[in-house]
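Understanding the architecture of this molecule
Here's the letter readout for the chains.
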Amino acid sequence: MPDRPRSSLDPVRSLLSRNRLRVAFVVVLVLSAAVVATASSDEISTASRAAVPDAPPTENHTVVTESGRAGTITAYAPDGEVLYYNNTRTKYFDADPVAGDPLTVEYTATDTIHTEGPTCSEPPCARNVIEQVDLETGEVEVLYERYDYKETAGEWHDADRINETHVVVADIVADQVFVVNTETEVVEWLWDAQSEFPVEEGGPYPEDWAHINDVEYIEEGEMSGTIMASLRNQDQVVFLDREEGLLEDWTLGSEDDYDTQYEQHNPDYIPESRGGPAVVVADSENGRVQEFQREDGEWTRSWEWSDDRMQWPRDADRLPNGNTLITDTHGNRVIEVNESGAIVWQVESTLPYEAERLETGAESEGGRSAQALDLESRTAAESDDGDDGGSLGVDPVGFLENLIETLLPHRIYNALFFVAPVWMGATEFVAVGVALLTGLVWVGLECRWRLRDAGVGFRLPVYRRGGD
Ligand SMILES: O=[N+]([O-])c1ccc(OS(=O)(=O)O)cc1
């Protein structure tokens with residue numbers, strides 16, 4: 001048998017015997033399993049009232065809603081204890097305190113109908129409700145409801161009260177904004193996004209085209225009487241006049257202009273009397289919350305806040321004390337940041353949708369603009385805690401986390417978080433990825449070794465005649 005030509009890899013091959021490699025694979029798999037096991041044992045849960053963690057004390061009541069794996073609404077008393085909890089509905093969305101009675105909360109929620117019957121001929125369907133809860137008595141009352149034929153993008157994520165009888169609704173199902181008298185149930189005004197936006201842009205039609213996820217009736221100042229709406233899939237916040245329709249000059253953002261905002265949630269309007277016009281908004285897919293100031297007929301970014309943990313925020317409310325209450329969905333927390341950008345209050349939650357400080361009014365009512373407050377901006381890079389992996393300055397897990405986040409499109413990255421168990425953070429995704437890769441390499445090598453032992457060899461499709 002001719003001698004095999006010596007390769008420069010031969011010493012390495014001899015050093016790394018098969019058994020040594022096997023031991024190395026086992027070590028990597030055990031370490032990955034340990035990371036995942038530790039994370040899963042620390043899991044935050046809001047699946048029952050008993051499991052919901054208490055919050056730190058603060059001056060007012062706080063309500064947090066969730067939609068996703070668990071649908072919950074939780075109200076914290078000022079001492080941080082859970083005052084009210086409900087998980088009857090499948091999903092809970094935007095909640096607002098009732099004016100003059102902050103311990104009564106109005107919100108939109110959805111029940112998924114899984115069984116075929118008179119309310120759903122082709123499951124799954126949805127039943128959307130606007131309802132009210134008295135947090136002190138626990139009494140719940142449905143104010144208005146509608147059955148809808150689909151579950152995906154079949155919800156109302158927000159409704160805003162105009163007066164005692166009328167509310168404006170963000171209808172994701174039909175890509176419309178409508179005003180309904182909840183006593184007569186007559187829809188008195190309706191704007192259809194198709195009247196202004198091409199069906200070819202935005203999300204897929206008809207599954208989830210505009211995804212109108214927020215509405216606000218503007219009560220004072222220059223824009224008084226108009227309705228602000230958030231078209232998530234068009235990356236735009238629009239202003240609607242009930243006679244003229246879309247006020248194009250006021251639109252904030254444009255389709256796929258991700259530098260401005262990327263699939264935003266929960267914009268709040270701050271009028272001139274409080275330093276506006278300004279809009280505080282969760283720039284969800286960009287992982288930050290931000291504010292735009294209206295200057296010379298244009299929107300200019302006046303503030304932004306993010307940190308290393310922030311992932312898919314969906315709400316930001318400016319409070320009367322100058323702080324901002326932020327719902328960080330995939331950061332699994334609700335936080336309050338002060339005027340210098342420091343976190344001064346935080347409660348954990350599995351997949352929070354939005355949060356309200358009840359005695360401060362709905363959303364950012366009572367809060368002043370970032371410009372008026374001279375708020376300090378903060379980006380994730382600036383918030384870097386300096387943990388660079390120790391004295392060697394090497395952080396392989398951090399490197400892999402960043403690599404995964406950079407390589408995957410934002411929407412896919414966030415969708416993975418949405419479907420994965422709550423305890424799966426970026427580190428756990430890296431651990432699972434490393435374990436899968438190790439397993440694949442191990443299986444591949446074992447196959448190769450077996451074939452080689454059986455006398456089956458491999459060579460490149462291009463080779464030198466007479467070679468191995
Ligand atoms: O729970 N849902 O069905 C749900 C949650 C979030 C969601 O996306 S969001 O951008 O509207 O928050 C859509 C549907």
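Within an unreviewed UniProt entry, the label attached to the protein chain reads Aryl-sulfate sulfotransferase, and the organism entered is Natrinema salsiterrestre.

1. As for the site of the ligand
Close contacts around the ligand come from S67, G68, K91, E155, H157, H211, R232, H265, W312, R314, Y353 and F418, and that covers them all. Separating an oxygen atom of the ligand from a side-chain N or O atom of K91 is a distance of 2.9 Å. One of the side-chain N or O atoms of H265 is found 2.7 Å from an oxygen atom in the ligand. Burial of the ligand by the protein amounts to 87% of the accessible area it has alone, namely 340 Å². Class assignment for the residues of the shell around the ligand results in 3 nonpolar, 5 polar and 4 charged.

2. As for the sheet that holds strand β6 (residues 125–134)
Ordered in space as β4-β5-β6-β7, the 4 strands form an open sheet in which the pairing is antiparallel. For this open sheet the edge positions go to β4 (91–98) and β7 (140–148), each flanked by a neighbour on one side alone. With direction set aside, neighbouring strand axes in the sheet form an average angle of 15 degrees. Relative to β7, β6 runs antiparallel, the two being bridged by 8 bridges. Residue pairing for β7: V129 is matched across the bridge by E145.

Conventions used here
- Residues numbered from 1 in each chain as written.
- Predicted model: local features only at pLDDT ≥ 70, side-chain atom pairs only at ≥ 80, totals over all residues.
- Heavy atoms only, no water.
- Near = heavy atom within 4 Å.
- Polar contact = N/O pair within 3.5 Å; in protein donor to acceptor, adjacent residues only side chain to side chain.
- Areas by Shrake-Rupley, 256 points an atom, 1.4 Å probe, with all protein chains shown as cover.
- Nonpolar A, V, L, I, M, F, W, Y, C, P; charged D, E, K, R; others polar.
- Pairing = 2+ DSSP bridges.
- Helix = DSSP H or I, 4+ residues; strand = E, 2+ residues; numbered from the N terminus.
- Axes fitted to C-alpha atoms, helices over the stretch in contact; angles between N-to-C directions.

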